[in-house]
Amino acid sequence: RVLFRSTRWFRPFLGLLGVHNAANALGVTIFAASSGGNSEGIRSSLANFPGVGRRMEVRYDRGGVTILDDYGHHPTAIDATISTVRLRYPGRPLVLAIEPLTYHRTAALLAPIARSCAAADRVLVADIFAVRDTDLSIASAAGLAAAIAELGVPAEAPGSIEATADRIANLALADAVVLVMGGGRSTELATRLARTLGSR
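### Some words on the nonpolar core
For step 1, the next point in the chain: Grouped together as the largest cluster of nonpolar side chains are 25 residues, with contacts concentrated most on L96, V123 and I148.
For step 2, the next point in the chain: For this core, the elements supplying multiple residues, two or more each, are α4 (75–88), β3 (94–99), α6 (110–117), β4 (122–126), α7 (141–149) and β6 (177–182).
For step 3, the next point in the chain: Tallying contributions element by element places α7 first for this core, with five residues.
For step 4, the next point in the chain: Counting residues in each nonpolar core, the second largest holds 21 residues, with A97, L171, L189 and A194 among its members.

Take a look at the structure:
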């Protein structure tokens, strides 16, 4: 209840959408105020803060298509980001391109990740980004796509981030928001897709 009231209080002047951003802003406000900051300075800073790179970073916004690049890769981050995208771009189709981070994490969180991804209208799962994985047989992009499809959302696994970017570029994207998520090379997917669409 306290967080809800705080979220409403921040809404008129916080430059970023999302309950998670409102919670962060509340924490920053408390810290700044306890360190001697004045209310007008705090309010102005929050209103003008543009966010950080790879957190719903706009990579392309032309011809009715928007591409967002986001570092999130675990269920909680996926949930928060998708809900915020829905607030920011109401009514627009949401295409999620996700690069799962590590085979062991994907295997351990397969069902929760699938449920989170299924909040999009269509999902493309790029190859899993391996970090310290020694067993590459315990999960797959195709397996995650299948789990998402079982929840009633169109999903596929085109392959590499390059193949995934090229596949998205060939979709009918009229009025779509393409949300690219992942902690590995997914930012390259967003860059390639933006470059391809921009060259048309």
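There is more to say after this.
### Comments concerning the confidence of the model for the protein
Low pLDDT means the predicted atomic positions in that stretch should not be read closely.
For step 1, the next point in the chain: With 80% of its residues at a pLDDT of at least 70, the protein reaches an overall mean of 86.
For step 2, the next point in the chain: Low pLDDT (under 50) marks residues 1–12, which in the prediction has eleven contacts with non-local residues, meaning those over four places away or in another chain.

### Topic: the pattern of salt bridges
For step 1, the next point in the chain: Tallying each qualifying case throughout the model produces nine salt bridges.
For step 2, the next point in the chain: Among the salt bridges present, the one from R185 reaches E188, with a minimum N-O distance of 2.9 Å.
For step 3, the next point in the chain: A residue is classified by how much of its surface remains accessible, and E188, at 39% relative accessible area, is partly exposed.
For step 4, the next point in the chain: One salt-bridge network, held together by shared partners, links E57, R59 and D69.

### Focus on the side chain of T81
For step 1, the next point in the chain: Along the polypeptide, T81 turns up in helix α4.
For step 2, the next point in the chain: Overall, the relative accessible area of 6% leaves T81 in the buried class.
For step 3, the next point in the chain: Within polar-contact distance, the side chain of T81 engages the backbone oxygen of A77 at 2.8 Å.
For step 4, the next point in the chain: Not counting residues within four places of it along the chain, the set of residues in contact with T81 comprises M56, D70, L179 and M181.

### Quick notes on the sheet that holds β3
For step 1, the next point in the chain: With mixed pairing, six strands are arranged side by side in an open sheet as β1-β2-β6-β3-β4-β5. Because the sheet does not close on itself, it has two edges, and the strands there are β1 (57–62) and β5 (155–159). Along the sheet, successive strands turn relative to each other by an average axial angle of 20°, direction set aside.
For step 2, the next point in the chain: One ladder, built from three bridges, connects β4 with β5; its direction is parallel. Bridge assignment links A126 to a residue of β5, and that residue is G159.

### With respect to helix α8 (residues 161–169)
For step 1, the next point in the chain: Considered for burial, the residues of α8 that qualify are I161, T164, A165, I168 and A169. Projection of α8 onto a plane perpendicular to its axis shows the buried side chains occupying an angular sector of 140°, all on one side.

### Overview of α7
For step 1, the next point in the chain: Along α7, the positions that sit buried rather than exposed are A141, L144, A145, A147 and I148. Along the axis of α7, the buried positions cluster into a sector of 160°, meaning they face one direction only.
For step 2, the next point in the chain: Tucked inside the fold, the buried residues of α7 contact α6, β4 and β5.

About the cut-offs
- Residues numbered from 1 in each chain as written.
- Predicted model: local features only at pLDDT ≥ 70, side-chain atom pairs only at ≥ 80, totals over all residues.
- Heavy atoms only, no water.
- Core = buried A, V, L, I, M, F, W, Y, C linked by side-chain atoms within 4.5 Å.
- Buried < 20%, exposed > 50% of the residue type's maximum accessible area, 1.4 Å probe, protein only.
- Helix = DSSP H or I, 4+ residues; strand = E, 2+ residues; numbered from the N terminus.
- pLDDT = per-residue confidence, 0-100.
- Contact = heavy atoms within 4.5 Å.
- Salt bridge = Lys/Arg side-chain N within 4 Å of Asp/Glu carboxyl O.
- Polar contact = N/O pair within 3.5 Å; in protein donor to acceptor, adjacent residues only side chain to side chain.
- Pairing = 2+ DSSP bridges.
- Axes fitted to C-alpha atoms, helices over the stretch in contact; angles between N-to-C directions.
- Arc of directions from axis to C-beta.

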